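Reading the structure
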Amino acid sequence: MKTPGFWRLTAGFGVWASALIWFYAINGVGCAMGWDAQRPALTLALVAHLCILGWLAARMHGDDLLGSVGVWCARAAFAAIALTFAPALALSVCR
Amino acid sequence: MSADGIAAPMLDPVGTSPQATDPIRLHKALTRVWGAGPGLARLSAVNHSTLGLRFMATAAAFFAVGVALAMLIRAQLATPQSAFLGPETYNQVFTLHGTIMMFLFAIPMLEGLAIYLIPKMLGARDLAFPRLTAFGYWCFLFGGLILIVSLLAGVAPESGWFMYTPLSSRPYAPGMGADVWLLGVTFVEISALTLAVELTVSILKLRAPGMSLDRMPIFAWYVLITAVMMLVGFPPLILGSVLLELERALDLPFFNPTRGGDPLLWQHLFWMFGHPEVYIIFLPAAGALSTLIPAMAGRPLIGYRAIVAALVAMAFLSFGIWVHHMFTVGVPHLALAVFSIGSALVAVPTAIQVFAWLATLAQGRPRLAMPLLYVFGFFAIFVIGGLTGVMLAMAPFNWQAHDTHFVVAHFHYVLVGGFVFPMLAALYYWLPHVTGRVAVHSLGRTAFWTMFTGFNVTFLPMHLTGLLGMPRRVYTYVGHEGWTTLNTISSIGGFVFAIGLALIAVDVALQARFGRRGGVDPWETGARGVGTLDWAMPTPPPIYGFAALPQIGGRADRLDPRAVGRALAAGRGYLGFVRNGWQETLGVAMATGAPEQVVILPRATFLPLWTALTLAVAVLSVLGGAYWLALAAAVGVVGLMLLAAQRAGLEVDHPLLPVGQGLSLPPHTQVDGSPPWWGLVFTLVADGALFASLIFGALYLRLIAPGPAAPELGLPALGWLAAAAALVGPLATRGALAANAAGQWRGPWLGAGLLGALVAAGAFAAMIATAEVDPRAHATAAVQAALVGYGALHAGIGALMLLSAGLRVRGGYVSAARRLDLLLCRLWSDYAAVTGLLALGLALALPLLPQGGA
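Keep in mind that what you see is a predicted model, and the values were worked out from it rather than measured.

Cut-offs applied
- Residues numbered from 1 in each chain as written.
- Chains lettered and ligands numbered in written order.
- Predicted model: local features only at pLDDT ≥ 70, side-chain atom pairs only at ≥ 80, totals over all residues.
- Heavy atoms only, no water.
- Helix = DSSP H or I, 4+ residues; strand = E, 2+ residues; numbered from the N terminus.
- Buried < 20%, exposed > 50% of the residue type's maximum accessible area, 1.4 Å probe, protein only.
- Disulfide = S-S within 2.5 Å.
- Arc of directions from axis to C-beta.
- Contact = heavy atoms within 4.5 Å.
- Phe/Tyr/Trp six-rings, centres within 6.5 Å; stacked < 30°, edge-to-face > 60°.
- Lys NZ or Arg CZ within 6 Å of the ring centre and 35° of its normal.
- pLDDT = per-residue confidence, 0-100.
- Axes fitted to C-alpha atoms, helices over the stretch in contact; angles between N-to-C directions.
- Parallel < 35°, antiparallel > 145°, perpendicular 65-115°, else oblique.
- Left-handed = near helix turned anticlockwise from the far one by under 90°.
- Nonpolar A, V, L, I, M, F, W, Y, C, P; charged D, E, K, R; others polar.
- Core = buried A, V, L, I, M, F, W, Y, C linked by side-chain atoms within 4.5 Å.

**A closer look at unusual backbone geometry**
Residue and element names in this part refer to chain B. Here the residue pair Thr 165 and Pro 166 is connected by a cis peptide bond, since its omega of 5 degrees sits within 30 degrees of zero. The topology assignment puts Pro 166 in the loop between α4 (130-152) and α5 (177-205). The omega torsion of the bond from Thr 539 to Pro 540 falls at -10 degrees, within 30 degrees of zero and hence cis. Examined against the element boundaries, Pro 540 turns out to sit in the loop between β2 (516-517) and α16 (561-569). Residues other than glycine seldom take positive phi values, yet Asp 403 does so here, at roughly 60 degrees. Structurally, Asp 403 can be placed in the loop between α12 (395-401) and α13 (405-435). Residue Asp 403 is classed as partly exposed on the basis of its relative accessible area of 34%. One non-glycine residue, Gln 661, adopts positive backbone phi at about 60 degrees. Residue classification places Gln 661 among the partly exposed residues on the basis of a relative accessible area of 33%.

Spelled out as structure tokens, the structure:
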């Protein structure tokens, strides 16, 4: 009942999905609750997810389909996180 | 192994059955086993070819209704101040037009295509759960008929296809229209979920030996990823529908802001489904394009792996951009930017596919047959729709165009371009497969140009109508706004578009009736090096698909179907015989495609029809307010499902079964990783998505939704009893498995598990009944009830599964080798315990969390 290597397909964008959930939760709850430390928390989440993906992309390898697609997805997810969540560094968070 | 990748002739067929080596005798023997019979017995069919065609034909019939409704809309809007349709009727018409096109046409059509093609492309004789396919079909048909009949009866839903609250809440939609929508669509969604499980397991487990994942035809990748998206994407809407129906029927205020609810929660739940839905509709159609473009171009698809990566990216990104449908509800700048960028990013993986298709055409020698004509139509229309989509993803533009006819034009370019045109290309490509006939296509080209012209005349001006400020869903306009000419042009175009569609229907009927015989592989894909297994069979296909199953030695999209088909029809390959009257196909390892089990499938039965009919009675009883009858029907559904479970599997242990080529494999009942196991795993994935949506809803209402403060909320001490009882199941099922392995009595363990599950269900239910605060008083109390109710439901289902397992133990269906029932009970008990404890914990913790709006 093993699922040989399917995690490689989903790992990259799985981290992207995790980033989205953290951003949405911090921003949504933070604004509703009036948190002052929202931007540092968002920045920390951004950096943490980029580090995880960077590590993942560097470690993943393989010539088979699951491996090569996994590497591409990890790299694409890295770029997607950087682009999607970069506004957290500059834009107003609750207005 | 021969050069065409097919196993050598099987010289020594094996097994206990009559061994039919003569192709004609083999054909007759297989037809006897796999056929459903004549007359009314056809309704008992569970075969994928029959059901795939039924899905597509029924979806096409609903599409015709949807087109007729669209014509009513265009007739109404052709001139200002038209009295053709009144506002109430107009609301019902546009609501059902959208609902039909999304739920009764697009989704079932893509499912039908996948059901029909997937086993054939993968070298299997059927899907993993044929009775589930049939149940899904009947649910779809009955759910759809409920919606259609509601229109004829004048009680159709009228709140728009996305049913926004509070417009769809009881005070503003007091009739039964909204209930019809919620129950009918949920019926159809259940059908879609069953098929998503079916397709996921079938693609991963039921392939020809040797067909590893990287040898699969690209269409299977598209369907696999679509099916997984359906598993995760549809549950939020099912949850939303259940919550809204509970609000309407029992006054639980999930979406009522005066009692702590929030209408925006509905929008979130709807679009968490609704946005991925667009890609769920597009991807199988794109899969058809990725299959037929190489056939038309005469060269293999360029960028196979890049396309798989693009599909994975699209699947994820499409779940992260639902908020762009809600840009005007008051979203902070940061969230606007995040969802705006995400929405634009999703164009990248889409573009990867478009460029791969263009490159394949550019590098090949395309022939301008009918399918390719529709491919070019797709390129033109879909790219325009994609670009206006990027425009709408930009928040400042979105604010201006939101809810105008610009949006209507945009999504018609996306959905007609991204689904209807590719499906018409697929229709012309695979019609010779279904009918066995090819056509001259002279009428087809006229039909294409009529439809293409009509579509663009309808929707291109509609962008301007929207930019001039015309809102969608208004039943008329005064006439001095500057919209009249554009609307008249759109209406004329609409009728031309409909005439084009009618011509296509005529063309298809003519081809089916008068076309010349096409034979095997009429597009000559084998000669062009792009053949797939679906063409390696006679056309129309025999009911069993393949007389023998092939061994795949290379890419399964570069075969020679004629050579392969000849070998398989002669029974040369795996399972080229009939044994014990069983419907047999092979199960393989997920990644490598190494054969690992003989999957014995259930034969034709009326059970799916009766179960769906009984479920329809339950739904109609709820609509009519006959709750006791609904309860009785629900009990009937449970009974029929238990009956179906009793008829599955084998009553005795079998030695390894010879399958040909000197290979012997165990039956699937004696393998832990059999299709039913994976079926439950993927069912729980969908269930987990529903549970995650419920957690999201609970936290959203408590932490973010504005509204009055909740009263003091406490839960009775029964929670401890429920928690303790929920843990009995995992322990008892492990005990039963250990006893089963040791050859000891399993009854006490199963009895303990059953008792624990019943106590848990009862304790959870009693918590709702004895709650200190009435769930109707405040949304937080209602959410507590929903969470605890989730625990009760899952404990109850666990009890039924343990009861069924006990009956099967007594019936001799369970042994040390055949332990699937116990494994399934353990998996469900584990899930029910974990989610039950989480639900209980969250229900208890909610009152401790700060309240957003208080």
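**A short note on the state of the cysteines**
All names here are of chain A. The tally for this structure, following the rule as stated, stands at 1 disulfide over all chains. Shown here is the disulfide that connects Cys 31 with Cys 94, its sulfur atoms set 2.0 Å apart. Because the sign of the S-S torsion sets the handedness, a value of about -95 degrees for the bond joining Cys 31 and Cys 94 places this disulfide among the left-handed ones. Highlighted residues: Cys 31 in helix α1 (residues 6-33) and Cys 94 in the segment after α3 (65-85), separated in sequence by 63 residues. The class for Cys 31 is partly exposed, based on a relative accessible area of 26%.

**Description of helix α20 (residues 718-726) of chain B**
All names here are of chain B. Residues of α20 that are buried: Gly 719, Ala 722, Ala 723, Ala 725 and Ala 726. Seen along its axis, α20 keeps its buried residues to an arc of 170 degrees; they face one direction. Structurally, α20 contributes buried residues whose contacts are with α21 (728-741), α22 (747-769) and α24 (820-845).

**A word on the packing of aromatic side chains**
All names here are of chain B. Here the structure, examined in full by the defined rule, presents 57 aromatic pairs over all chains. Where Tyr 374 meets Phe 421, the ring centres are 6.0 Å apart and the plane angle is 50 degrees; that geometry is what we call tilted. With Tyr 374 in helix α11 (residues 370-393) and Phe 421 in helix α13, the pair connects residues that are 47 residues apart, well separated along the chain. Chaining the aromatic ring pairs together yields one cluster made of Phe 103, Trp 161, Phe 162, Tyr 164, Trp 181, Phe 234, Phe 254, Phe 255, Trp 266, Phe 270, Trp 271 and Phe 273. In this arrangement the basic side chain of Lys 120 is found over the ring face of Tyr 116, its NZ or CZ atom lying 3.7 Å from the centre. Directly above the ring of Phe 162 sits Arg 473, whose terminal nitrogen or CZ lies 4.3 Å from the centroid.

**Points about the confidence of the model for chain B**
Residue and element names in this part refer to chain B. Overall, the prediction assigns chain B a mean pLDDT of 92, with 97% of residues at 70 or greater. Looking across chain B, the model is least confident in β2, with a mean pLDDT of 89, and most confident in helix α2 (residues 48-77), with 97. In the predicted structure, residues 1-20 sits below a pLDDT of 50 and forms 50 contacts with residues beyond four places in sequence or in another chain. Of the two predicted TM-score estimates for the complex, the pTM is 0.94 and the ipTM is 0.95.

**Quick notes on the packing of helix α6 (residues 218-250) of chain B against helix α7 (residues 263-297) of chain B**
Between two packed helices, both the angle of their axes relative to each other and the distance between the axes serve to describe the pair. Residues and elements named next belong to chain B. Packing of α6 against α7 leaves a shortest axis separation of 8 Å and a crossing angle of 160 degrees. Considering their axes alone, α6 and α7 lie roughly antiparallel with respect to each other. Handedness of the α6/α7 crossing: left-handed. By residue class, the composition of the contact of α6 with α7 is 24 nonpolar, 7 polar and 1 charged.

**Let's talk about the nonpolar core**
All names here are of chain B. Of all hydrophobic cores here, the largest spans 315 residues; its most connected members are Ile 118, Trp 221, Trp 266, Trp 357, Tyr 374 and Phe 419. Considering every element that reaches this core, the biggest residue donor is helix α3 (residues 87-122), with 22 residues. Excluding residues that lie within four positions of it along the chain, Ile 118 makes contacts with Leu 127, Leu 199, Ile 203, Phe 219, Ala 220 and Val 223.

**Digging into the packing of helix α19 (residues 675-704) of chain B against α24 of chain B**
Residue and element names in this part refer to chain B. Contact geometry of α19 with α24 gives a least axis separation of 11 Å together with a crossing angle of 5 degrees. When the axes of α19 and α24 are compared, the pair comes out roughly parallel. Where α19 approaches α24, its residues Pro 676, Trp 677, Leu 680, Val 681, Leu 684, Asp 687, Gly 688, Phe 691, Ile 695, Ala 698 and Leu 699 are matched on the opposing element by Leu 820, Leu 823, Leu 824, Leu 827, Trp 828, Tyr 831, Thr 835, Leu 838, Ala 839 and Leu 842. When its residues are assigned to classes, the contact of α19 with α24 shows 18 nonpolar, 2 polar and 1 charged.

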